[in-house]
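Working through the structure, step by step
Each chain is listed here by its residues.
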Amino acid sequence: MDHTNHVRLSPAELTPAVLDGATIYGADDHKVGTLDHLHGTGAGRTAIIDVGGFLGIGAKPVGVPLVDLEFMRDSDGDVHAVTNWTKDQLKEMPEHRD
C-alpha cells in the first residue's frame, strides 16, 4: 500500500475514539496487528497492539511507544498506522497486561 498520499493525523486526533481498531502495517508494509487501545497519558503513551491470532482469537497484546506509529487516513477515511516494527519483532515482545 502506498501511504504517500494519505493524510497524517494531527496530535489532537490521536485519541482512543479515532485510533481504536486501526490496522497497523509493519516495516515490510504487511499487516502486523490492530490497535486495541492506548495506555497512559501524554508523550509517554503506549499503543497496545493485538498481534497474531485469527479474527481476534488468540491475539497477543503488546505495548509499543505511541511515537513509534505514524497514524494516517487513507482515501476512504479509514485510519491506519505504519511502523518500523515487524510482525516477528512484535510477537517476540512480552505480553502486555493492564
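Residues numbered from 1 in each chain as written. Predicted model: local features only at pLDDT ≥ 70, side-chain atom pairs only at ≥ 80, totals over all residues. Heavy atoms only, no water.

1. Remarks on the nonpolar core
In globular proteins that are soluble, nonpolar side chains generally tend to be buried together. For clarity, the cut-off: Among buried residues, those of type Ala, Val, Leu, Ile, Met, Phe, Trp, Tyr and Cys that are joined through side-chain atoms within 4.5 Å constitute a nonpolar core. For each residue, the accessible area found with a 1.4 Å probe, counting protein chains only, is set against the maximum for its type, and the residue is called buried under 20%, exposed over 50%, and partly exposed in between. The numbering of helices and of strands both runs from the N terminus, where a helix is a DSSP run of H or I of at least 4 residues and a strand a run of E of at least 2. Pairs of residues are marked as contacts when any of their non-hydrogen atoms sit within 4.5 Å.
Within the largest apolar cluster, 20 residues are counted, with the highest numbers of intra-cluster contacts made by Leu19, Ile24, Leu35, Ile49, Leu69 and Phe71. At the level of elements, strand S3 (31-39), strand S4 (46-51), strand S5 (60-65), strand S6 (69-73) and strand S7 (79-83) are the ones that each hand at least two residues to this core. Filtering out sequence-adjacent residues up to four positions away, leucine 35 remains in contact with Leu19, Asp20, Gly21, Ala22, Ile24, Ala47, Ile48, Ile49 and Phe71.

2. Focus on the pairing of S4
Stated formally: One requirement defines pairing of two strands: DSSP has to find at least two bridges between them.
In terms of strand pairing, S3 meets S4 through 5 bridges, oriented antiparallel. When the bridges of S4 are listed, histidine 39 appears paired with threonine 46. Between the end of S3 and the start of S4, which pair antiparallel, lie 6 residues, with glycine 40 showing a positive phi angle near 90°. Inspection of the sheet shows S4 paired to S5 by 6 bridges, in the antiparallel sense. Bridge assignment links isoleucine 48 to a residue of S5, and that residue is glycine 63.

3. Here's the deal with the side chain of histidine 37
Rules: Whenever a nitrogen or oxygen atom comes within 3.5 Å of another N or O atom, the pair is scored as a polar contact, on the condition that within protein one atom can donate a hydrogen and the other can accept it, and that pairs from neighbouring residues in sequence are kept only if both atoms are in side chains.
Along the chain, the position of histidine 37 falls in strand S3. On the basis of relative accessibility, which here comes to 18%, the residue histidine 37 falls in the buried class. Of the polar contacts made by the side chain of histidine 37, one reaches the side chain of aspartate 36; its length is 2.6 Å. Those residues in contact with histidine 37 that lie beyond four places of it in its chain are Asp20, Thr46, Ala47, Ile48 and Asp98.

4. Remarks on the sheet that holds S7
Across the sheet, 7 strands lie side by side as S1-S6-S7-S2-S3-S4-S5; this open sheet has mixed pairing. Sheet topology places strand S1 (7-8) and S5 at the edges, where each strand pairs with a single neighbour.

5. A look at the pattern of salt bridges
The cut-off we apply is this: One side-chain nitrogen of Lys or Arg within 4 Å of one carboxyl oxygen of Asp or Glu is enough to make a salt bridge.
Under the criterion given, the structure shown has 3 salt bridges. For the salt bridge of arginine 73 with glutamate 13, the shortest nitrogen-to-oxygen distance reads 3.5 Å. On the criterion of sequence distance, the pair formed by arginine 73 in strand S6 and glutamate 13 in the loop between S1 and helix H1 (16-19) is long-range, its members being 60 residues apart. According to the relative accessible area criterion, glutamate 13 is partly exposed, its value standing at 26%. Arginine 97 is paired through a salt bridge with glutamate 95; the nearest N and O atoms lie 3.8 Å apart. Exposure remark for arginine 97: the relative accessible area of 65% places this residue in the exposed category. By relative accessible area, glutamate 95 is classed as partly exposed at 42%.

By themselves these figures say nothing about function.
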